[in-house]
Amino acid sequence: MGNTPEKELKISIGDIFTDDENYPKRAEWCNTNGCRIVELTPDKEGRRFEIVKIPPKSLDEAKADKIAELNAAKNKQLDTGGLEYEEDLFAYDDKALLRISGTILDWQDQISRGTVKPEDIVQPWISKANTVHALSYDQLIELARLLRQEVQRIVFYGTYLEKLAQAATTLEELDAIVWDYGAASASGIIDRLIAGGNQDA
């Protein structure tokens with residue numbers, strides 16, 4: 001709908017704005033997209049305008065917006081979320097996964113060269129709360145596996161919601177699709193997705 005995103009300008013029905021520096025952008029967007037603007041009684045700040053009508057989005061446009069919204073939520077989950085382990089939360093963003101994989105490879109190299117035994121390894125590992133945990137080698141391997149699994153679960157969930165959005169036939173169906181990873185995980189939907197090897201719950 002036009003060249004300037006509606007959300008970027010925060011345009012909605014009932015908005016009142018003045019002829020300030022943002023007026024040309026708002027006016028251009030509204031004119032391009034068939035909005036209706038009425039001029040109100042001026043006040044001390046000058047001319048005032050109210051948006052009284054915004055044409056509804058097409059289904060395809062709404063789908064594109066919804067998919068972008070879901071992708072942003074997925075990326076935020078991956079970048080800022082945490083996995084519960086040893087009564088604490090551990091990051092699973094790209095840097096965290098690379099760090100733990102590299103640490104394990106270093107230990108595996110030392111084990112293969114016989115410079116250390118697995119049972120003697122104690123690896124300090126910092127949680128999202130900046131708490132230092134002394135992990136054994138087995139715990140480090142287990143944590144890495146669980147972190148990768150959690151990332152897989154998030155990606156599967158994101159793909160599942162995107163397929164729902166693509167299959168939606170009404171704007172109401174699209175509005176009902178929201179990112180709620182915690183609830184989806186608790187409900188068992190994600191486990192069924194992974195067990196089935198696809199994104200159909």
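A brief look at the structure comes next. Keep in mind that what you see is a predicted model, and the values were worked out from it rather than measured.

**Let's talk about the overall build of the chain**
Okay, step 1: Looking only at helices and strands, the chain has eight helices and seven strands in total.
Okay, step 2: In terms of its C-alpha atoms, the chain occupies a principal-axis envelope of roughly 80 × 40 × 25 Å.
Okay, step 3: Across the 201 residues that make up the chain, the buried fraction comes to 32%.
Okay, step 4: For the chain, contacts bridging at least 24 residues in sequence account for 61% of all contacts bridging at least 6.
Okay, step 5: Accessible surface for the chain amounts to roughly 12,200 Å². Of this, 49% is attributable to carbon and sulfur atoms.

**Regarding the sheet that holds strand β3 (residues 46-53)**
Okay, step 1: Spatially, the three strands line up as an open sheet ordered β1-β3-β2, and their pairing is antiparallel. Both outer strands of the open sheet, β1 (16-18) and β2 (36-43), are each paired with one neighbouring strand and no more. Looking at each pair of strands side by side, their axes are set apart by 30° on average, direction ignored.
Okay, step 2: The pairing of β1 with β3 spans three bridges and is antiparallel. From the neighbouring strand, T18 faces β3, where its bridge partner is R48.
Okay, step 3: Sitting on the sheet, helix α2 (residues 23-33) is in contact with β1, β2 and β3, with an inclination near 130° to β1.

**Here we look at the packing of helix α4 (residues 94-112) against helix α5 (residues 137-167)**
Okay, step 1: Relative orientation of the contacting elements α4 and α5 amounts to 145°, with a least axis distance of 10 Å. In this structure, α4 meets α5 at a crossing whose hand is left-handed. Here L97, I100, S101, T103, I104, W107, Q108 and I111 of α4 come into contact with α5, specifically with Y137, L140, I141, L143, A144, L147, R148 and V151.
Okay, step 2: Among the residues making up the contact of α4 with α5, the classes are represented as twelve nonpolar, three polar and one charged.

Quick notes on the rules
- Residues numbered from 1 in each chain as written.
- Predicted model: local features only at pLDDT ≥ 70, side-chain atom pairs only at ≥ 80, totals over all residues.
- Heavy atoms only, no water.
- Helix = DSSP H or I, 4+ residues; strand = E, 2+ residues; numbered from the N terminus.
- Buried < 20%, exposed > 50% of the residue type's maximum accessible area, 1.4 Å probe, protein only.
- Contact = heavy atoms within 4.5 Å.
- Areas by Shrake-Rupley, 256 points an atom, 1.4 Å probe, with all protein chains shown as cover.
- Pairing = 2+ DSSP bridges.
- Axes fitted to C-alpha atoms, helices over the stretch in contact; angles between N-to-C directions.
- Left-handed = near helix turned anticlockwise from the far one by under 90°.
- Nonpolar A, V, L, I, M, F, W, Y, C, P; charged D, E, K, R; others polar.

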